[in-house]
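So you can see what is in the structure, the chains are spelled out below.
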Amino acid sequence: MEFKFTEEQLAVRDAARDFAQNVLKPGVIDRDIHAKFPAEEVKQLGELGFLGMMVDPKYGGGGMDSVSYVLAMEEISKIDASTAVCMSVCNSLVCWGLETFGNEDQKNKFLAPIARGEKIGAFCLSEPEAGSDATSQQTTAEDKGDHYLLNGTKNWITNGSSASVYIVIAQTDREKGHRGINALIIERGMEGFIVGEKEDKMGIRGSDTHTLIFNDVKVPKENRIGEDGFGFKFAMQTLGGGRIGIASQAMGIASGALDVALAYSKERKTFGKEIHRHQAIAFKLADMKTQVHAARLMCLNAASLKDQGEDYTQEAAMAKLYSSEIAQFVTTEAVQIHGGYGYVREYHVERMMRDAKITQIYEGTSEIQKIVISRGILKD
């Protein structure tokens with residue numbers, strides 16, 4: 001399969017590449033060392049339209065397609081996976097969920113500021129005892145007539161302390177099981193809403209990951225997305241699109257590691273010649289290139305199906321599964337090609353290897369992707 005990109009798609013890719021190289025790259029090592037959220041860089045990213053790429057222009061978005069999104073995600077992820085995951089959450093989870101299932105008031109009040117780059121969004125599903133399992137929510141939203149009373153804890157929330165708009169999945173009626181779950185929009189500053197300490201992570205250290213605590217947070221009924229009990233369906237459909245974003249992030253990390261390793265192999269000499277001329281290194285590069293190319297095609301295929309309005313659930317899960325696994329392989333090989341230099345921060349690849357691991361975990365572990373894929377196989 002070969003994709004012929006339009007001029008608009010290529011322009012989006014080039015703009016993302018320029019931003020990544022000239023704005024993100026200079027400070028990426030320092031942000032990783034100090035676990036610093038790229039606040040100013042994300043602000044600029046939003047001003048360029050990259051936080052609401054696929055949102056209808058009438059809500060302040062770019063009106064772009066999912067293929068353009070994949071191309072942009074790859075370029076940002078090549079350089080800074082921490083910024084890329086912020087971009088992914090805003091586009092794939094928050095903006096898409098609000099635009100697809102929110103009402104007009106919610107779109108104007110909550111979606112538009114994110115699409116315009118004025119605010120950041122967060123998607124709150126994971127809990128201490130429930131990762132991607134939306135049916136096991138312990139966070140509760142007690143129906144009080146004109147509002148819900150929200151109580152519980154959410155873990156591993158990207159953009160945790162930087163967001164202004166939070167979509168929280170909570171259980172309203174446990175007896176109804178997954179039909180008793182709701183998706184609520186929470187705003188920063190609501191009484192009883194507490195942002196916990198930032199997580200000290202192995203990778204994507206610049207990403208703003210926090211535990212969120214809700215103590216009797218009063219949420220007006222107009223902040224519920226969809227009808228009562230729609231929360232489970234909302235979470236599942238939103239996560240499907242989210243997998244395209246994380247697959248693209250993983251593929252982009254691998255693509256960036258390949259670029260760095262290839263450049264280094266042309267500079268480093270051993271036994272009188274550049275190391276890429278040694279068959280052992282050339283074969284590593286060949287394997288890396290093949291896997292990145294395959295992952296890119298899988299991401300683009302899932303995105304293309306989404307743009308055509310077709311079911312992309314299985315393709316997104318396969319793209320996420322494969323891209324995250326090759327990201328680990330390619331980044332590890334990039335470290336190996338660099339030898340001892342690959343183990344130090346200056347050469348970037350050790351950070352890429354650490355960043356790659358999380359792509360096998362969030363938006364559903366590899367095992368969860370296999371469940372989604374196997375269900376699709378059995379249904380076919």
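Residues numbered from 1 in each chain as written. Predicted model: local features only at pLDDT ≥ 70, side-chain atom pairs only at ≥ 80, totals over all residues. Heavy atoms only, no water.

*Asks:* Residue-level account of the overall build of the protein chain, with values.
*Replies:* Broken down by element type, the protein chain carries 11 helices and nine strands. A globule of 380 residues ought to have a C-alpha radius of gyration of about 21 Å, and the protein chain, at 21 Å, matches this closely. Expressed along its principal axes, the backbone C-alpha trace of the protein chain runs to roughly 80 × 45 × 40 Å. When burial is assessed residue by residue, the protein chain has 56% of its 380 residues classed as buried. A separation of at least 24 residues holds for 74% of the contacts in the protein chain among residues at least 6 apart in sequence. For the protein chain, the computed accessible surface area is about 16,300 Å², with 50% contributed by carbon and sulfur atoms. In the protein chain, 44 positive and 53 negative side-chain charges are present, and the distance between their average locations comes to 4 Å. (Helix = DSSP H or I, 4+ residues; strand = E, 2+ residues; numbered from the N terminus. Rg over C-alpha atoms; globule rule 2.2 N^0.38 Å. Buried < 20%, exposed > 50% of the residue type's maximum accessible area, 1.4 Å probe, protein only. Contact = heavy atoms within 4.5 Å. Areas by Shrake-Rupley, 256 points an atom, 1.4 Å probe, with all protein chains shown as cover. Lys, Arg positive; Asp, Glu negative; His and termini not counted. Charge placed at Lys NZ, Arg CZ, Asp CG, Glu CD.)

*Asks:* An account of the pairing of strand β4 (residues 165-171) is needed here, citing residue identities and associated values.
*Replies:* Of all seven residues in β4, seven are buried; the element is thus mostly enclosed. Here β4 shows two buried faces, one formed by Val 165, Ile 167, Ile 169 and Gln 171 and the other by Tyr 166, Val 168 and Ala 170. Pairing analysis gives four bridges linking strand β1 (residues 121-124) to β4, with the strands arranged parallel. When the sheet's bridge partners are listed, Gly 121 is paired in β4 with Val 165. Pairing of β4 with strand β5 (residues 181-187), which is carried by seven bridges, proceeds in the antiparallel orientation. The residue of β5 that forms the bridge with Val 165 is Glu 187. (Pairing = 2+ DSSP bridges.)

*Asks:* Can you tell me about the nonpolar core, naming the residues and giving the values?
*Replies:* Ranked by internal contacts, the top residues of the largest apolar core, which has 108 residues, are Ile 76, Met 87, Leu 150, Tyr 166, Ile 186 and Phe 234. Broken down by element, the residue count for this core peaks at 14 residues, all from helix α7 (residues 231-267). For Ile 76, the contacting residues outside a window of four places in its chain are Ala 16, Phe 19, Ala 20, Leu 24, Leu 45, Thr 83, Ala 84 and Met 87. (Core = buried A, V, L, I, M, F, W, Y, C linked by side-chain atoms within 4.5 Å.)

*Asks:* Break down the environment of Lys 119 for me, citing the residues and quoting the values.
*Replies:* Structurally, Lys 119 can be placed in the loop between α6 (104-115) and β1. Residues Lys 119 and Cys 90, 29 residues apart in the sequence, show an inter-C-alpha distance of 9.5 Å. When residues no more than four places from it in sequence are discounted, the contact partners of Lys 119 are Leu 51, Pro 113, Ile 114 and Ser 164.

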